[in-house]
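Take a look at the letters that make up each chain.
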Amino acid sequence: MQQLINAIPKAELHLHLEGSLEPELMFELAKRNQIELPFKSVEEIRAAYEFSNLQDFLDIYYQAADVLRTEADFYDLTWAYLLRCQADGVVHTEPFFDPQTHTERGIDIGTVIKGITRALKDGELQLGISSYLILSFLRHLSEEEAFSTLRDALPYKEHFIAVGLDSSELGHPPEKFERVFAAAREAGLRTVAHAGEEGPADNIWNAISLLNVCRIDHGVAATQDPQLVSYLVQHRTPLTVCPLSNTKLKVFADMSEHNILQLLDKGVRVTVNSDDPAYFGGYVNANYQALADALNMTDAQLRQLAINSITASFLPGEQQARHLAKIDSLISPT
Ligand code: ADE
Ligand code: ZN
């Protein structure tokens, strides 16, 4: 199974670039930018990654992002992630970045976008990995701040394909961002949103009906509402699920309790992703492997998950077809 997981072409559709900041690079950037870290070693940092919920993680994640200051830092962060994609057989990725995490510290949005997009372009040229970038709003901040972020980002519109919504779900429901998402759609951008990670199934309904999302990020709360599951099947709405994230953040007590394969078998278009791999114990293949180990994922399920990752992506049809043919050549349909 491990060999098949490695070999099968996959797209990654739920990855926060800031969440791919490995402790080693964190130290390197702290040194480069003369920043004092509250940790003495890489081991000490890793030992601090024990979380009891999403907010616990977010507090450390935003603090760690402080080492990212220059265009070169954002380039190095993105490039390191793309090398992990190459190692895992990820042929296409649609990563998120959180501009407000950086602009709130006085960093220009152009510095962030230029560093990231230069690395993504090199990833395409040198590694053959295609990508589309997604700008994500921090939902714990105000609607007004999201509007001003959108305004500052629009001069760079050619560099991102969609807007998303992340950070603390509890207390910050999708309806808070209905108007800013409408403005983003008006500007020609697609929309996605985190919903039903820690929050209720209602947040998934509202992300669909009020934010017009093409995909739901996480969405594991869908099983609380059978009508919602039927809707997702009927409308082929993708869920970008992150198994290791969900167990690290205690959405599920144990991987054996994860509902992704149940959703898959019901016909929901679920995909496997790594979310914040530097914090949650592994990149995309480690997430597939965790499903094989804890839930006895079959070859047919692996095949369908890889197909879903390609068809749920924003890639044009002819590029999807090329990747799907390769999947078929590795695991034939039963
Ligand atoms: N930002 C980074 N990772 C996140 C997650 N899993 N949920 C919400 N916001 C995030
Ligand atoms: Zn996420």
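Reading guide: rules and limits
Residues numbered from 1 in each chain as written. Chains lettered and ligands numbered in written order. Predicted model: local features only at pLDDT ≥ 70, side-chain atom pairs only at ≥ 80, totals over all residues. Heavy atoms only, no water. Donors = N, O, S within 2.8 Å, 3.2 Å for Na, K, Ca; no water. Tetrahedral: all angles 85-135°; square planar, octahedral: opposite > 155°, others 65-115°. Helix = DSSP H or I, 4+ residues; strand = E, 2+ residues; numbered from the N terminus. Buried < 20%, exposed > 50% of the residue type's maximum accessible area, 1.4 Å probe, protein only. Pairing = 2+ DSSP bridges. Axes fitted to C-alpha atoms, helices over the stretch in contact; angles between N-to-C directions. Left-handed = near helix turned anticlockwise from the far one by under 90°. Contact = heavy atoms within 4.5 Å. Near = heavy atom within 4 Å. Polar contact = N/O pair within 3.5 Å; in protein donor to acceptor, adjacent residues only side chain to side chain. Areas by Shrake-Rupley, 256 points an atom, 1.4 Å probe, with all protein chains shown as cover. 1 Å grid on protein atoms, 1.4 Å probe; cavity = no way out; pocket = protein on both sides within 12 Å on 5 of 7 lines; lining within 4 Å. Sits in = over half its atoms within 2 Å of the grid points. Nonpolar A, V, L, I, M, F, W, Y, C, P; charged D, E, K, R; others polar. Phe/Tyr/Trp six-rings, centres within 6.5 Å; stacked < 30°, edge-to-face > 60°. Lys NZ or Arg CZ within 6 Å of the ring centre and 35° of its normal. Core = buried A, V, L, I, M, F, W, Y, C linked by side-chain atoms within 4.5 Å. Points joined across faces, edges and corners; volume = space filled by probe spheres on them.

Participant: Which parts of the structure should I look at to understand the coordination of the zinc ion (ligand 2)?
Facilitator: Donor atoms from the polypeptide that coordinate the zinc ion (ligand 2) comprise His14 (NE2), His16 (NE2), His194 (NE2) and Asp275 (OD), at 2.1 to 2.3 Å from the metal. Geometry at the zinc ion (ligand 2) is irregular, judged from the four donor atoms that bind it and their angles of 83 to 174 degrees at the metal. Going along the chain, you hit the donors of the zinc ion (ligand 2) in the pattern H-x1-H-x177-H-x80-D. In this pair, His16 sits in the loop between β1 (10-12) and α2 (23-32) while Asp275 sits in the loop between β10 (269-272) and α14 (277-280), placing the two residues 259 residues apart along the sequence. In terms of burial, His16 and Asp275 fall into one category: buried.

Participant: Hey, could you run me through the sheet that holds strand β5 (residues 134-138) in this one?
Facilitator: Sheets are built from strands paired through backbone hydrogen bonds, the pairs being either parallel or antiparallel. Across the sheet, seven strands lie side by side as β3-β5-β6-β7-β8-β9-β10; this open sheet has parallel pairing. Only two strands of the sheet have a single partner each, and these edge strands are β3 (96-97) and β10.

Participant: Explain the packing of helix α10 (residues 201-211) against helix α11 (residues 226-235) here, please?
Facilitator: Packed helix pairs are specified by the crossing angle of their axes together with the interaxial distance, meaning the distance between the axes. Running from amino to carboxyl end, α10 crosses α11 at an angle of 35 degrees, the nearest separation of the two axes being 10 Å. Both α10 and α11 take part in a crossing whose hand is left-handed. Note on element contacts: α11 touches α10 through Gln227, Leu228, Tyr231 and Leu232, opposite Ala201, Ile204, Trp205 and Ile208.

Participant: I'm lost on the site of ligand 1 in this one. Help?
Facilitator: Near ligand 1, the surroundings consist of His16, Leu54, Phe57, Leu58, Tyr61, Asp166, Ser167, His194, Glu197, His218, Asp275 and Asp276. Side-chain polar atom of Glu197 to a nitrogen atom of ligand 1: 2.7 Å apart, as the coordinates give it. The contact in question runs from a nitrogen atom of ligand 1 to an N or O atom on the side chain of Asp276, over 2.6 Å. Protein burial of ligand 1: of its 260 Å² of free accessible surface, 100% is covered by the chains. When atom positions are compared with the pocket grids, ligand 1 is found to occupy the largest cavity. With four residues, the top contributor of residues to the shell around ligand 1 is helix α4 (residues 54-64). Partitioned by chemical class, the residues of the shell around ligand 1 number four nonpolar, four polar and four charged.

Participant: For this particular structure, what's the right way to read the packing of aromatic side chains?
Facilitator: For any pair of aromatic rings, the description rests on two quantities: the centre-to-centre distance and the angle between the ring planes. Inspection of the entire model under this criterion finds twelve aromatic pairs. An angle of 85 degrees between the planes, with centres 6.3 Å apart, marks the rings of Phe51 and Phe280 as edge-to-face. Of the two residues, Phe51 sits in the loop between α3 (42-47) and α4 while Phe280 sits in helix α14, which places them 229 residues apart along the sequence. Both residues of the pair, Phe51 and Phe280, belong to the buried class. Taken together, the aromatic side chains of Tyr49, Phe51, Phe57, Tyr61, Tyr62, Tyr279 and Phe280 make up a single cluster linked through ring pairs. Over the ring of Phe314 we find Arg215; its NZ or CZ atom is 4.3 Å from the centre of that ring.

Participant: How should I be thinking about the nonpolar core in this particular structure?
Facilitator: Generally speaking, nonpolar side chains in soluble globular proteins are found buried as a group. By size, the foremost hydrophobic cluster in this structure holds 104 residues, and its most contacted members are Met26, Phe57, Phe137, Val270, Tyr279, Met297 and Leu305. Those residues in contact with Phe137 that sit more than four places away from it in its chain are Gln100, Ala146, Thr149, Leu150, Val163, Gly164, Leu165, Asp166, Val180 and Phe181. If you look at the next biggest cluster of nonpolar residues, it comprises six residues, including Phe96, Ile161, Val192 and Phe314.

Participant: Any chance you could explain empty space enclosed by the protein here in plain terms?
Facilitator: Picture a little ball the size of a water molecule; that probe, rolled over the atoms, points out where space is still empty. This structure, assessed with the given rule, holds one cavity of 30 Å³ or more. One number sums up the size of the largest cavity: a volume of about 100 Å³. What lines the largest cavity is a set of 14 residues, among which His16, Leu54, Phe57, Leu58 and Asp276 lie closest to the centre. With five residues, the single largest contributor to the lining of the largest cavity is α4. The residue inventory of the lining of the largest cavity, partitioned by class, reads five nonpolar, four polar and five charged.

Participant: Looking at this structure, how should I read the sheet that holds strand β2 (residues 90-93)?
Facilitator: Pairing is parallel in the open sheet, where three strands are placed in the order β1-β2-β4. Strand pairing shows two members of the sheet lacking a second neighbour, β1 and β4 (130-131), which therefore form its edges. Across two bridges, β2 lies against β4 in parallel orientation. Its bridge partner lying in β4, Thr93 is registered against Ser131. Helix α5 (residues 71-88) rests against β1 and β2 of the sheet, and its axis sits at about 140 degrees to β2.

Participant: Teacher, can you tell me more about the layout of surface pockets here?
Facilitator: Size it by volume and the largest pocket reaches roughly 260 Å³. Considering the residues around the largest pocket, the lining is formed by Thr117, Leu120, Lys121, Glu124, Ser131, Tyr132, Leu133, Glu158, His159, Phe160 and Ile161. In terms of residues, the lining of the largest pocket owes the most to one element, helix α7 (residues 109-127), which gives four residues. Broken down by class, the residue content of the lining of the largest pocket amounts to five nonpolar, three polar and three charged.

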